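Structural description and commentary
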Amino acid sequence: MKISQFVSSAALALMLDAGFASAQTALYTFESPQWVVGAPTPFLNMSPDSAPGLPTFRASFTSSPTIGATIVGTLLVNPLFSGKDLYQPAPPFPGNTLTITVSQPIRSVHLDFEQFAPGHFDLTSTAGIASTSTVTQIGSLDFQSTTSFTQFSLAAFDTGNSPIPLGIDNLVMTVPEPSSFAMAGLGAAALMIARLRR
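Residues numbered from 1 in each chain as written. Predicted model: local features only at pLDDT ≥ 70, side-chain atom pairs only at ≥ 80, totals over all residues. Heavy atoms only, no water.

Quick word on the overall build of the protein
Scanning the protein from N- to C-terminus turns up two helices and 11 strands. When the elements of the protein are put in sequence order from the N terminus, they spell out α-β-β-β-β-β-β-β-β-β-β-β-α. The buried share of the protein, taken over its 198 residues, is 44%. Restricting the contact set of the protein to residue pairs at least 6 apart, pairs at least 24 apart contribute 70%. Summing over all exposed atoms, the protein offers an accessible surface of approximately 9,900 Å²; the carbon and sulfur share of this is 63%. (Helix = DSSP H or I, 4+ residues; strand = E, 2+ residues; numbered from the N terminus. Buried < 20%, exposed > 50% of the residue type's maximum accessible area, 1.4 Å probe, protein only. Contact = heavy atoms within 4.5 Å. Areas by Shrake-Rupley, 256 points an atom, 1.4 Å probe, with all protein chains shown as cover.)

A look at the nonpolar core
In terms of nonpolar packing, the biggest core is built from 36 residues, with Tyr-28, Phe-61, Ile-100, Phe-152, Ile-168 and Met-173 touching the most fellow members. Those elements that place two or more of their residues in this core are strand S1 (23–28), strand S2 (43–46), strand S3 (59–64), strand S6 (97–115), strand S7 (119–125), strand S9 (138–158) and strand S11 (166–176). The element that contributes the greatest number of residues to this core is S6, accounting for seven residues. If near-sequence neighbours (up to four positions away) are discounted, Met-173 is found in contact with Gln-24, Thr-25, Ala-26, Tyr-28, Phe-57, Ala-59, Ile-100, Val-102, Ile-106, Ser-108, Val-109 and Phe-152. (Core = buried A, V, L, I, M, F, W, Y, C linked by side-chain atoms within 4.5 Å.)

Focus on the side chain of Thr-29
Along the chain, Thr-29 turns up in the loop between S1 and S2. Ignoring any residue separated from it by four or fewer positions in sequence, one finds Thr-29 in contact with Asp-49, Lys-84, Asp-169 and Asn-170.

Remarks on the environment of Gly-53
If you trace the backbone, Gly-53 turns up in the loop between S2 and S3. Each C-alpha atom, one on Gly-53 and one on Thr-25, is 8.5 Å from the other, the two residues being 28 residues apart in sequence.

Quick look at the packing of aromatic side chains
The description of two aromatic rings rests on the distance between their centres and on the angle between their planes. Tallying each qualifying case throughout the model produces 10 aromatic pairs. With a centroid separation of 5.9 Å and an interplanar angle of 75°, the aromatic rings of Phe-30 and Phe-61 are classed as edge-to-face. Placement of Phe-30 in the loop between S1 and S2 and of Phe-61 in strand S3 is noted, with a sequence separation of 31 residues between them. Taking relative accessible area as the criterion, Phe-61 reaches 0% and is therefore assigned buried. Among the aromatic residues, those joined into a ring-pair cluster are Tyr-28, Phe-30, Trp-35, Phe-43 and Phe-61. (Phe/Tyr/Trp six-rings, centres within 6.5 Å; stacked < 30°, edge-to-face > 60°.)

Re the environment of Pro-89
With respect to the secondary-structure elements, Pro-89 resides in the loop between strand S5 (85–87) and S6. Classification of Pro-89 by relative accessible area gives partly exposed; the value is 23%. The spacing of Pro-89 and Phe-116 is 27 residues in sequence and 8.9 Å in space, taken between C-alpha atoms. Look past the residues within four positions of Pro-89 in its chain and what remains in contact with it is Ala-69, Ile-71 and Pro-165.

With respect to the side chain of Ser-125
Within the secondary structure, Ser-125 is located in strand S7. Side-chain polar atoms of Ser-125 contact the backbone nitrogen of Ala-127, separated by 3.1 Å. (Polar contact = N/O pair within 3.5 Å; in protein donor to acceptor, adjacent residues only side chain to side chain.)

Description of unusual backbone geometry
With an omega of 10°, the peptide bond running from Thr-41 to Pro-42 counts as cis. Its place among the elements puts Pro-42 in the loop between S1 and S2. A cis amide bond links Ser-64 to the next residue, Pro-65, at an omega of 10°. Relative to the elements of secondary structure, Pro-65 occurs in the loop between S3 and strand S4 (71–73). Backbone geometry places Phe-30, a non-glycine residue, at a positive phi of 65°.

Interpretation note: all reported values are geometric properties and have no functional meaning in isolation.
Here it is as structure tokens:
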């Protein structure tokens with residue numbers, strides 16, 4: 001086997017290994033004592049309810065255009081919700097956007113949601129957009145990206161595309177392992193070297 005073939009094989013193995021490297025998750029179920037029923041946004045630098053291996057992970061939750069529109073509550077329209085959740089009471093506010101900013105780059109988001117009327121539920125980030133339609137006012141949303149991001153916004157809309165109140169629970173965010181970045185970088189560098197030697 002030629003050295004360039006060996007380098008190419010090793011580079012490919014490193015890049016594949018990077019793709020399968022384990023990631024760590026931060027889970028927000030809004031059950032810990034820091035989440036007080038009735039408390040409104042903003043919630044700043046909140047630690048996850050569970051995040052093994054991520055002791056410094058924090059998230060901030062803000063609503064706009066109305067500050068304080070989203071509260072900690074126990075509205076359980078979605079059967080996947082349990083205990084406490086974050087939601088926007090319908091009156092007196094129209095639909096607001098809930099923006100979540102995290103302290104470490106993430107690659108994916110999963111959450112369960114409920115909304116005031118049928119329509120669609122959207123996630124918007126610098127890494128892309130996800131939207132899911134619902135006729136039952138409840139559902140789950142998954143978003144995955146190859147690009148890391150540190151902020152995303154959630155919004156619900158009725159069938160006429162007007163903003164409506166929303167609620168979320170069981171928010172899971174995935175933080176890629178730093179080693180996966182290193183392995184992918186090494187693999188790419190090795191492939192470049194192998195090509196230059198040919």
